Amino acid sequence: MSKTDLPILEQRRIEANIIKPIYDEMVAEVGVERAKAILKNAIVKNAISHGKAYAEAQEEAQENATSQQTTSLLSFHSLLPQWMANGALEIDILQENEKHVDYNVTRCRFAEMYREMGLGEIGHILSCSRDGTFCTGYDPKIKLARTQTIMEGASHCDFRYRYCPDHEKDND
């Protein structure tokens with residue numbers, strides 16, 4: 001998987017149009033639960049690969065830039081505008097530093113799009129399940145804690161990213 005500059009909302013729309021008939025066929029052949037499990041496994045593997053591609057692109061950009069190096073978490077967080085492009089997400093930043101990036105998503109057009117496409121029941125697999133595994137691919141020291149998502153009916157999504165180097169415990 002290579003990094004793309006396409007807004008993520010548009011990328012997910014294209015993917016969903018391809019995945020929908022495949023998912024429908026899997027449901028007919030193996031049932032809903034098995035189809036969801038297969039889809040989730042594929043999405044998780046893809047997200048890790050995608051995270052690695054973005055990390056490599058960020059590394060290359062930093063090597064070519066004369067500006068100061070940023071921490072892995074801040075470099076990771078600098079990708080957020082691609083996910084927000086075209087009004088895809090509305091967020092409230094709560095905290096942003098080298099060890100913590102916390103924000104709430106108050107509007108998610110990904111959830112709206114999947115519902116409109118008739119994919120609301122698997123929208124969390126197609127998008128939300130990528131978030132934690134994407135950062136694993138980007139840098140395994142970045143951890144995401146999230147307790148709720150708009151996709152699954154909550155009022156907001158609570159993203160809490162932590163940078164957890166092996167030699168430190170995250171007690172902040």
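In case you missed it, the structure is sitting above this.
Reading the values: the criteria
- Residues numbered from 1 in each chain as written.
- Predicted model: local features only at pLDDT ≥ 70, side-chain atom pairs only at ≥ 80, totals over all residues.
- Heavy atoms only, no water.
- Phe/Tyr/Trp six-rings, centres within 6.5 Å; stacked < 30°, edge-to-face > 60°.
- Helix = DSSP H or I, 4+ residues; strand = E, 2+ residues; numbered from the N terminus.
- Buried < 20%, exposed > 50% of the residue type's maximum accessible area, 1.4 Å probe, protein only.
- Axes fitted to C-alpha atoms, helices over the stretch in contact; angles between N-to-C directions.
- Parallel < 35°, antiparallel > 145°, perpendicular 65-115°, else oblique.
- Contact = heavy atoms within 4.5 Å.
- Nonpolar A, V, L, I, M, F, W, Y, C, P; charged D, E, K, R; others polar.
- Pairing = 2+ DSSP bridges.
- Lys, Arg positive; Asp, Glu negative; His and termini not counted.
- Salt bridge = Lys/Arg side-chain N within 4 Å of Asp/Glu carboxyl O.

J.: Help me understand the packing of aromatic side chains in this model?
T.: Given two aromatic rings, one states the distance between the centres and the angle between the planes to describe the pair. Tallied over the entire structure, the rule returns 9 aromatic pairs. Here the aromatic rings of Y103 and F159 are separated by 5.0 Å at their centres, their planes lie at 10 degrees, and the arrangement is stacked. Residue Y103 is located in strand β2 (residues 100-108), and its partner F159 is located in strand β4 (residues 157-163); the two are separated by 56 residues in the primary sequence. Exposure remark for F159: the relative accessible area of 7% places this residue in the buried category. Feature note: the residues Y54, F76, W83, Y103, F134, Y138, F159 and Y161 constitute an aromatic cluster, connected by ring pairs.

J.: Please explain the packing of helix α1 (residues 8-30) against helix α6 (residues 123-138) as it appears in this structure.
T.: Packed helices, taken two at a time, are described by the angle their axes make and the gap between the axes. Between α1 and α6, the least distance of the axes is 11 Å, while the angle of their chain directions is 130 degrees. With respect to their mutual orientation, α1 and α6 come out oblique. Between α1, through R12, E15 and I19, and α6, the contact on the second element is made entirely by L126, S127 and R130. Its residues placed into classes, the contact of α1 with α6 shows 2 nonpolar, 1 polar and 3 charged.

J.: Hey, could you run me through the pairing of β2 in this one?
T.: Successive side chains on a regular strand alternate, one facing one side of the sheet and the next facing the other. Buried residues dominate β2, accounting for 7 of its 9 residues. Relative to β2, strand β1 (residues 89-96) is paired through 7 bridges, and the arrangement is antiparallel. From the neighbouring strand, D92 faces β2, where its bridge partner is N104. Linking β1 back to β2 in an antiparallel pair, the connection comprises 3 residues. With 6 bridges connecting them, β2 and β4 associate as antiparallel partners. Residue pairing in the sheet places V101 in a bridge with Y161 of β4.

J.: Quick question: what am I supposed to make of the side chain of D139 here?
T.: For D139, the location among the structural elements is in the loop between α6 and β3 (142-145). K141 provides the closest opposite charge to the buried, salt-bridge-free D139, at an N-O distance of 5.6 Å. With sequence-adjacent residues up to four places away left out, D139 is seen in contact with S72 and Y163.

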